[in-house]
Amino acid sequence: MACASTGDTSASLAAYCAVAGIQAIVFLPRNKVSLAQLIQPLAHGALTLALDTDFDGCMALVQEMCARHNIYLANSMNSLRLEGQKTVSIEIVQQFDWEVPDWVIIPGGNLGNVSALGNGFLLMRDLGMISKLPRIACAQAERANPLYLSYLKGFREFHPIQAKPTLASAIQIGNPVSVQKAIRILKEFDGVVEQASEDELANAAARADLTGLFNCPHTGVALAVLFKLVERGYIKRHDRVVVISTANGLKFPEFKIKYHEARLADVTPRYRNRPIELPADYHRVRDVVLRALDARAASLH
Ligand SMILES: Cc1ncc(COP(=O)(O)O)c(C=O)c1O
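All figures in this text were calculated on a predicted structure; none of them were measured in a lab.

Peer 1: Any chance you could explain the environment of A141 here in plain terms?
Peer 2: For A141, the location among the structural elements is in strand β5 (residues 135-141). Given the relative accessible area of 0%, A141 is considered buried. With 116 residues separating them along the chain, A141 and I257 place their C-alpha atoms 20 Å apart. A141 has contacts with T166, A168, I171, A196 and V221, leaving out every residue within four places of it along the chain.

This is how it looks when you write it as structure tokens:
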């Protein structure tokens, strides 16, 4: 089985293939996935091809390889991936005590998640398990925003673009394979598409980290879009909103470290936190701790 991947699909495919004793072959854009992502397919024994191209280039090559050589393509143009992902919607509704949220916000790259989650809700509606549908917001990085551009034109046309490098590397995709499925779902779910800049996504992710959720840049894109839609009045204060967090922050340590070191291009870190280096001296330590606690207490008043 083979896939093209921006890092996470390949990790999953490699793990499941390892369980099943099947050879996984993964096509990755060289130097465009994090080290923590790269190590997973390697550790699980996948044949890992790091190619001098972007995700869209990997996608074209794996499609040709699979079409010619009887290898199963595990990306979302085949049903395996999208059918499995439908269960996310079922879990959302189950965890909401079988009520449907008002909004679901989903980071979108190849647009499999938008299509699959939508289909999961439609399945539950057709089975009579739920009686309404949520609105869906697809969140794109401003540097990889072909669906956003199409949305601005009422989805009347769609043009693939050359995606630019973004911190949200897993959604750096200019020619999403599931675009037509996603547009159909967005039309049916009264959907919107919004985008987030590098500064917005990095600060949104850092703000969410402060709640105890260590999240990834793609989740940051979705959260930045949440804040925008609330500000704009699309999402009302009493609405119940689910934001899909697509990866753990531990997969993107460089993004996290550089944020707090203020070393990310085009990002002004508003939630920066730095270690305070001190000698192991009780009085010095005490002074720093008490001053910090006083400052916090003052800021809360
Ligand atoms: C971390 C992460 N976020 C978001 C996405 C985007 O999902 P989709 O390609 O289904 O739009 C991916 C896709 O692999 C991902 O790995």
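Peer 1: Mind showing me how you'd approach the site of the ligand here?
Peer 2: Taken together, 15 residues lie near the ligand, and D8, G109, L111, N113 and T246 sit nearest. The backbone of G112 places a nitrogen or oxygen atom 3.0 Å from an oxygen atom of the ligand. One nitrogen or oxygen atom from the side chain of T246 is found 2.7 Å from a nitrogen atom belonging to the ligand. Considered on its own, the ligand offers 390 Å² of accessible surface; in the complex 95% of this is hidden by protein. Counting only elements with at least two residues in the shell around the ligand, the list comes to α1 (8-20) and α6 (112-126). Across the shell around the ligand, the residue classes tally to five nonpolar, nine polar and one charged.

Peer 1: I would appreciate a short explanation of the sheet that holds strand β3 (residues 47-51) in the present structure.
Peer 2: Within a sheet, neighbouring strands are paired by backbone hydrogen bonds and run either parallel or antiparallel to one another. Spatial ordering of the open sheet is given by β1-β2-β3, a layout of three strands whose pairing is parallel. Both edges of this open sheet fall to β1 (2-4) and β3, since each of them pairs with a single strand only. Across the sheet, the mean angle separating the axes of adjacent strands is 15° when strand polarity is ignored. As defined by bridge partners, strand β2 (residues 25-29) adjoins β3 across five bridges and the pair is classed as parallel.

Peer 1: What should I look at first to understand the domain arrangement of the protein in this one?
Peer 2: When the parts come together, some accessible area is lost, and that loss is often what is quoted as the size of the interface. Under the domain assignment used here, the protein contains domain 1 (2-75) and domain 2 (81-255). A straight line from the C-alpha centre of domain 1 to that of domain 2 covers 23 Å. Listed per partner, the contact involves 15 residues of domain 1 and 15 residues of domain 2. Together domain 1 and domain 2 conceal approximately 1200 Å² of surface at their shared face, both sides included; 47% is due to carbon and sulfur atoms. Our count for the contact surface shared by domain 1 and domain 2 stands at one salt bridge. The partner of D8 in a salt bridge is K251, and the shortest N-O contact between them spans 2.6 Å. Between the two partners, domain 1 and domain 2, sit eight residue pairs in polar contact (both at pLDDT 80 or more). Elements with a contribution of two residues or more to the side of domain 1 that touches domain 2: α1, α2 (35-43) and α3 (55-69). For the side of domain 1 that touches domain 2, the residue count by class is five nonpolar, six polar and four charged.

Peer 1: How should I be thinking about the pattern of salt bridges in this particular structure?
Peer 2: For side chains of opposite charge, pairing can occur when their charged atoms come near one another. For the coordinates displayed, the defined rule picks out 19 salt bridges. The shortest N-O distance in the salt bridge between D266 and R143 comes to 2.6 Å. Here the residue D266 occupies a position in the loop between α11 (253-260) and α12 (282-300), and R143 occupies one in the loop between β5 and α7 (146-152), the gap between them amounting to 123 residues. Among the ionic contacts, a cluster of salt bridges with common partners joins E194, E200, K228 and R232.

Conventions we followed
- Residues numbered from 1 in each chain as written.
- Predicted model: local features only at pLDDT ≥ 70, side-chain atom pairs only at ≥ 80, totals over all residues.
- Heavy atoms only, no water.
- Helix = DSSP H or I, 4+ residues; strand = E, 2+ residues; numbered from the N terminus.
- Buried < 20%, exposed > 50% of the residue type's maximum accessible area, 1.4 Å probe, protein only.
- Contact = heavy atoms within 4.5 Å.
- Near = heavy atom within 4 Å.
- Polar contact = N/O pair within 3.5 Å; in protein donor to acceptor, adjacent residues only side chain to side chain.
- Areas by Shrake-Rupley, 256 points an atom, 1.4 Å probe, with all protein chains shown as cover.
- Nonpolar A, V, L, I, M, F, W, Y, C, P; charged D, E, K, R; others polar.
- Pairing = 2+ DSSP bridges.
- Axes fitted to C-alpha atoms, helices over the stretch in contact; angles between N-to-C directions.
- Domains from an automatic or database assignment.
- Buried area = accessible area lost by both parts, 1.4 Å probe.
- Salt bridge = Lys/Arg side-chain N within 4 Å of Asp/Glu carboxyl O.

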